[in-house]
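The lines below spell out each chain.
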Amino acid sequence: MTNRIEIAPGVVHFPGSFDRMAQEALVSSLREVAKAAPLFTPRMPRTGKPFSVKMTNCGTLGWVSDTDGYRYQPTHPDSGAPWPPMPPALLEAWTSLVAYPHPPEACLVNFYDGTARMGLHQDRDEQAFDAPVLSVSLGDTGIFRVGGTMRSGPTRSVKLQSGDALSFGGPARLAFHGIDRIIPGTSTLLPQGGRINLTLRRVMRP
Ligand code: MD6
Ligand code: FE
């Protein structure tokens, strides 16, 4: 059982959930994912402004964002191909870390270069708010900020290192959160540096 730290009600940090070998195996399965479903640049719905992170997905549904809005869809926005399957190691992490009796359909893959960030947001495009969201971090350390369910409320930060998992559920399911920045040079996992964050989500009500 990996170490479990509840950093706020419903926000659980699992430092070192994936050891180095498991991280390397995940990176190689993500290279296959990115071959089938190339990274794309999402855009903000209202303004069309590009995100600084690049994204792709695996699983039966993927999260996309463009001028038509935020949504889940079964296909890649550029190629129209179905998303590739979720690596079994991620489904296993969901089963062992999250108390929810149904598998996640969606795994969003976010890639951060040295300057990318992710503004404060809520994960609210799913129908199953009773299911937690589970994230896995790989590569350079990210400074994660989490607050409450009001954007203006107080926040705290936690460093997410390569191999860490984090779950958001219960009272925190709709908490605001984001990535202030990544710290380049903090991991040797990705030869070119950068950070990958995977978010596993149950989208549909079972
Ligand atoms: C990131 N994470 O760590 C962005 N969302 O790069 C998220 O947006 C996130 O880590 C929901 C639950 C956990 C997360
Ligand atoms: Fe999120």
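Refer to the preceding data block for the structure.
Residues numbered from 1 in each chain as written. Chains lettered and ligands numbered in written order. Predicted model: local features only at pLDDT ≥ 70, side-chain atom pairs only at ≥ 80, totals over all residues. Heavy atoms only, no water.

Draft legend 1. Seen up close, the overall build of the protein chain. Assigned secondary structure in the protein chain consists of 2 helices and 13 strands. The C-alpha radius of gyration of the protein chain comes to 16 Å, within 12% of the 17 Å expected for a compact globule of 206 residues. Seen along its three principal axes, the alpha-carbon backbone of the protein chain occupies a region of about 40 × 35 × 35 Å. The burial tally for the protein chain puts 51% of its 206 residues in the buried class. Taking the intrachain contacts of the protein chain between residues at least 6 apart in sequence as the baseline, contacts between residues at least 24 apart amount to 71%. In the form shown here, the protein chain has an accessible surface area of approximately 9,800 Å², with 56% of it arising from carbon and sulfur atoms. Where the 21 positive side-chain charges of the protein chain centre and where its 17 negative ones centre are 6 Å apart. (Helix = DSSP H or I, 4+ residues; strand = E, 2+ residues; numbered from the N terminus. Rg over C-alpha atoms; globule rule 2.2 N^0.38 Å. Buried < 20%, exposed > 50% of the residue type's maximum accessible area, 1.4 Å probe, protein only. Contact = heavy atoms within 4.5 Å. Areas by Shrake-Rupley, 256 points an atom, 1.4 Å probe, with all protein chains shown as cover. Lys, Arg positive; Asp, Glu negative; His and termini not counted. Charge placed at Lys NZ, Arg CZ, Asp CG, Glu CD.)

Draft legend 2. A look at the sheet that holds strand S2 (residues 11-14). Across the sheet, which stays open at both edges, the 7 strands sit in the order S1-S2-S11-S8-S13-S6-S3 with antiparallel pairing between neighbours. What marks the edges here is a single partner per strand, and that holds for strand S1 (5-8) and strand S3 (54-59). Neighbour-to-neighbour, the strand axes of this sheet turn through a mean angle of 20°, independent of strand direction. Taken together, the 6 bridges between S3 and strand S6 (residues 106-112) define a ladder with antiparallel strand orientation. Across the sheet, residue Thr56 finds its bridge partner in S6, namely Val109. (Pairing = 2+ DSSP bridges. Axes fitted to C-alpha atoms, helices over the stretch in contact; angles between N-to-C directions.)

Draft legend 3. Just the environment of Leu26, in detail. By the secondary structure assignment, Leu26 is in helix H1 (residues 20-36). In this structure Leu26 comes out as buried when scored by relative accessible area, which is 2%. Distance from Leu26 to Leu97, taken between C-alpha atoms, is 17 Å for residues 71 residues apart in sequence. Contacts of Leu26, omitting those with residues within four sequence positions, involve Phe18, Leu90, Val136, Leu138 and Leu198.

Draft legend 4. Representation of the layout of surface pockets in the model. Reported here for the largest pocket is a volume of approximately 780 Å³. Lining the largest pocket are 40 residues, with Phe51, Met118, Gly119, Leu120 and His121 positioned closest to its centre. Where the lining of the largest pocket is concerned, the elements lending two or more residues are strand S5 (69-73), S6, strand S7 (118-121), strand S8 (133-139), strand S11 (165-168), strand S12 (177-183) and strand S13 (195-201). Of the residues that constitute the lining of the largest pocket, the class distribution is 20 nonpolar, 11 polar and 9 charged. Considering only enclosed or pocket space, the second largest pocket measures out at about 270 Å³ in volume. (1 Å grid on protein atoms, 1.4 Å probe; cavity = no way out; pocket = protein on both sides within 12 Å on 5 of 7 lines; lining within 4 Å. Points joined across faces, edges and corners; volume = space filled by probe spheres on them. Nonpolar A, V, L, I, M, F, W, Y, C, P; charged D, E, K, R; others polar.)

Draft legend 5. Representation of H1 within the structure. For H1, built from 17 residues, the straight-helix expectation of 24 Å at 1.5 Å per residue is met to within 8% by its first-to-last C-alpha distance of 25 Å. Regarding H1, the residues found buried are Gln23, Leu26, Val27, Leu30 and Val33. Summarising the axial view, the buried residues of H1 lie within an arc of 115°, below the 170-degree limit, and thus occupy one face. Counted as exposed and oriented over 90 degrees from the buried face of H1: Met21 and Lys35. Summarising the contacts, the buried residues of H1 are in contact with S3, helix H2 (88-97), S6, S8 and S13. (Expected span 1.5 Å × (residues − 1). Arc of directions from axis to C-beta.)

Draft legend 6. Representation of the site of ligand 1. Around ligand 1, a shell composed of Tyr112, His121, Asp123, Val133, Ser135, Phe144, Phe168, His177, Ile179, Arg195, Asn197 and Thr199 is seen. In this structure, an oxygen atom belonging to ligand 1 sits 3.1 Å away from a side-chain N or O atom of His121. Within the side chain of Ser135, an N or O atom sits 3.0 Å from an oxygen atom of ligand 1. If you map ligand 1 onto the pockets, it falls in the largest pocket. Among the secondary structure elements, those contributing two or more residues to the shell around ligand 1 are S8, S12 and S13. Ranked by the residues each element gives to the shell around ligand 1, the list is headed by S13, at 3 residues. (Near = heavy atom within 4 Å. Polar contact = N/O pair within 3.5 Å; in protein donor to acceptor, adjacent residues only side chain to side chain. Sits in = over half its atoms within 2 Å of the grid points.)

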